[in-house]
Each structure stands twice: as structure tokens, then as C-alpha cells.
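An overview of the molecular structure
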Number of protein chains: 2
Amino acid sequence: MSNEKKPAVALLSGGLDSATTAAIALSEGYQVHGLTIDYGQRHRFELQSAKRVAEALSLASHRVLRIDLAALGGSALTADIDVPQDRTEAEMSDSIPVTYVPARNTVMLSLALAQAEVLGAADLFIGVNAVDYSGYPDCRGEFITAFENTANLATKAGVEGTLKFRVHTPLIDLTKAQIISQGTALGVDYALTHTCYSPNSAGVSCGRCDACQLRYQGFQTAGLIDPIAYQTQPTA
Amino acid sequence: MSNEKKPAVALLSGGLDSATTAAIALSEGYQVHGLTIDYGQRHRFELQSAKRVAEALSLASHRVLRIDLAALGGSALTADIDVPQDRTEAEMSDSIPVTYVPARNTVMLSLALAQAEVLGAADLFIGVNAVDYSGYPDCRGEFITAFENTANLATKAGVEGTLKFRVHTPLIDLTKAQIISQGTALGVDYALTHTCYSPNSAGVSCGRCDACQLRYQGFQTAGLIDPIAYQTQPTA
């Protein structure tokens, strides 16, 4: 009886982490509503992947909200700044990367909160991860806790006490390999997901950006085959 | 020397409160960048007013970011729900109004934060007011404080300590009459601002919605003339 399930909103980027997060939300018995924020990212293939993942997981609904964060400038993911290639893990974790999008998770969680309040959903799911990408400040637990607190003060439902908002981050302490293992156990089809920051015009992943390398190494460590093709095979 | 001034981002709706807030930011010596969020509001005249106000105040820049909050549903300001008319002040303050937009100020402040981080601005200005419109949970000081805390945990600039974000709410404890008096002293041209929730097709204010009544009463109490026309003259 799907109408007896508790509704939840899951942010869905089209990437591996958010697909796994949505699958975990489903496995926990939520009625999952996917929300994809089209923020003007250069890798438009993510949006197609988000739609395919939402369909494959049979989500209760899926919305794509467009917002032109690129107009604000400031990130290699939305502006014309070169995406780094062939970096070692030490280089990746050295500082906050140029692919950082200013206030991205704050903006995304705010929109998920708006959608959740309209749907009467107290539960938000986001696939942030503090292990592989520790450079992003808005992927840490203390940020999530601060946002949860803000959400409960910001909303009619929170203030009136009809909903107690909670932000679920099931991946936050997992390695990429653990994420992939868990998603595979839940039946996530990673062939549908898109990870690369610099795909070619046909959408084929470069194999050299940080995201491709972390993805590929995650599959290797998990002892699983990465089902997507790469222009240049990443090094494990 | 405007290039020696500290940059700030001021949310500008086209309404009376945000115009006054931007004028206050200017009077405090900031280089003010206006940010207007076009969230699919039904009263599109606000957006034209925001542009006119930004020009009249000679802001350093003015951006309009479009985001379709209406697609999320849930408010009389974006959806097809009747806007209440002819309510007394007691009725207005009775509960959170149907004109409440879910998580609106959280979404707007998130976008202002993104813009601020790109500009290297630590200071955000928002014209929230806890007196006249106490029904909106995201117009209260405790929400603002929670958001400030989130902002400093969410951002590269906040975490690296290059910017300490602060959300300024110069109107929060002022009555509408005090806001109008202060803005008038700073030279704000309130003829450029738009307040009505239900204007006619020519943009003329109805005079009967909560917003029109609070505006008109504010001018009356301040002993000033409201320079805009109304379809039905509000009662003082």
C-alpha cells in the first residue's frame, strides 16, 4: 500500500551517490519523491541520467527545477574554468576544489525543503559524502545539522510542529567502494548514472577528472565492474 | 571611491521593505549588489519595480535569478489559491497566511549566499520584518541566526575564514510606519515600489489584500502620503 508510506524528498543529481541514496530511502520504506536541480551545470548528461534513474527506481514523482546558478559565476562546474585532470588522491584532498559550486547544497536543500513542506514530507535525503570529497564544506555533518536546525525554524510545518524535518545522509561516512557495494546490493543500475565532470559531446566520460577516477577506483576496490565506458581508462 | 567600499548583497523584491533595506545598506557605506529572485510569483509587477528601484538607488549591480517555485505548489502567491481580502489586523495575525511561500526566505538567502561568496561579500541584507507580518516563520530573528550559522559552515569562504557571513535585518523590529519614515528620510521613492498581492492587469494595486492595507496604514501612521494609486482606497 504505497499510500500508507511516509513521503520523503530525495535530491537526485544523476550521479552514483544520489542514485544510491534514493535506493536506500526506498529500502527504508519511504515513498520517495525525486528532486533534480538543474543549476546550469556544464555536464548536462547528469540531467538525463537523473530522469533514467528516477524511472528505473519507480520513484513516486520526479521534478526537475531549473535555476541558473551559472549566472552567479564562480565554479568550474558552471563557468569556463578548466576542470583538473589526472590528479592523485593527495592532490584531490589538498584543498577545496575549483569544481566547488558556491552554496550549492544549501540551495539544493532549501529547494528540497520547499518541496517537502508542500508534500507534507518530514524527511529529506541527500547523498553527501565526507570521505572521498572532504574538500566540500557543505558535505560535512556539522553543515547538515545546522541546515536541519534552520529548516525547523524556517517553515510553517516546522514551527507549527506538524513536521519535524530531518536530513538523511546515509552515505556520509561511507567510502566510494562501500557506496557502490551497498547500491549494487539494492539493485541500483550504475550504467544509468553519470559521474564525469568533462564528458565528450556524446556523453562519454573522460576518465581523467577527479570524479571519474574516484568512481573507477571505487568499483575496483569493491571488486565490481564499472558498467560505463571511458574515453581514457582511469588508473586504479 | 566606490571600489574601496565593502561589497554586500541585498535581496530586492520590488516591495517597500526591500527598497528601504537596500537604501539602509547604502547609507551604511556598503557597495550594494541587488539580487531579485523571480520565483514565479503571480504579481509580476514586483519584478519591474525591483529593476526600477535598483536603478533609482544606483546599485553596483542587479541580477534577476529565475526559479520556478510555483512548480512546487503550495502558496497563494504562486498557485491558484484566492488571496484574502478586507481582513482586520487581528485576522491577519491570527495564523500563518495562505500567501506563505514554503521555505521562501531559506531559498532566497541561499541564493544570496551563493552570490555573496562569488563577489567576496560577507554581508547579506534582507528586509524581513517580524512586527507587521509575524505569521511568517522565516521572518524571525531565530531563523536568521540559524541561517547565518549554516552559511558559515556551508561555504568555502566561511570554512576557510576569509569571510564571516552576516545577515543584516535592519527592519526586523520596525513597524511599517517606522520603515516608511526611515526610507523617506533616506530618499527612497516609494512610487517605484510594488506591494499588492492582487493587482489588476495594468498593475494597479487592489487596496484590499493584507499587503495593501498594511502599506496604506503605514503611510497614514507615519503622517505621509502613499504615492501609489489603488483600485479601492484602503481603510486606515
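Just so it is clear, the model here is predicted, and its values are computed rather than measured. (Residues numbered from 1 in each chain as written. Chains lettered and ligands numbered in written order. Predicted model: local features only at pLDDT ≥ 70, side-chain atom pairs only at ≥ 80, totals over all residues.)

Residues and elements named next belong to chain A. The UniProt feature table records "binding site: Zn(2+)" (unreviewed entry) at Cys-196, Cys-206, Cys-209 and Cys-212. What stands out for the annotated residues spanning 17 residues is how close their C-alpha atoms remain, the widest pair being 7.1 Å apart. Topologically, Cys-196 is positioned in the loop between helix 7 (176–185) and helix 8 (210–222). Take Cys-196: there are 25 C-beta atoms within 10 Å of it, and that puts it in the buried class. As for its placement among the helices and strands, Cys-206 is situated in the loop between helix 7 and helix 8. (UniProt positions renumbered as here; feature names shortened; annotations may be inferred. Helix = DSSP H or I, 4+ residues; strand = E, 2+ residues; numbered from the N terminus. Buried ≥ 20, exposed ≤ 12 C-beta atoms within 10 Å, placed from the backbone.)

Next up on the list: the interface of chain A and chain B. Across the contact, 38 residues belong to chain A and 38 residues belong to chain B. Residue assignment for the side of chain A that touches chain B shows that the elements contributing at least two residues are strand 3 (61–66), helix 4 (104–119), helix 5 (141–154) and helix 6 (156–160) of chain A. By residue number, the principal contributor to the side of chain A that touches chain B is helix 4 of chain A, which donates ten residues. Its residues assigned to classes, the side of chain A that touches chain B comprises 21 nonpolar, ten polar and seven charged. (Contact = placed C-beta atoms within 7 Å. Nonpolar A, V, L, I, M, F, W, Y, C, P; charged D, E, K, R; others polar.)

Our next topic: the sheet that holds strand 3 (residues 61–66) of chain B. All names here are of chain B. Strand order in the open sheet formed by five strands is 3-2-1-4-5, with parallel pairing between adjacent strands. Single-partner strands in this sheet number two, and they are strand 3 and strand 5 (166–168). In this sheet, adjacent strand axes meet at a mean angle of 25 degrees when their direction is disregarded. Taken together, the five bridges between strand 1 (residues 7–11) and strand 2 (residues 31–38) define a ladder with parallel strand orientation. Pairing of Ala-10 across the sheet is with Gly-34, part of strand 2. In the packing of helix 1 (residues 16–27) onto the sheet, contacts are made with strand 1, strand 2 and strand 4 (123–125), and the angle to strand 1 comes to roughly 170 degrees. (Pairing = 2+ DSSP bridges. Axes fitted to C-alpha atoms, helices over the stretch in contact; angles between N-to-C directions.)

All names here are of chain A. The strand order across the open sheet formed by five strands is 3-2-1-4-5, and the pairing between neighbours is parallel. Strand pairing shows two members of the sheet lacking a second neighbour, strand 3 and strand 5 (166–168), which therefore form its edges. Put simply, the sheet's adjacent strands are angled 25 degrees from each other on average, direction ignored. Summarising the sheet, strand 4 (residues 123–125) and strand 5 pair through three bridges and their orientation is parallel. Among the inter-strand pairings, Phe-125 is bridged to a residue of strand 5, identified as His-168.

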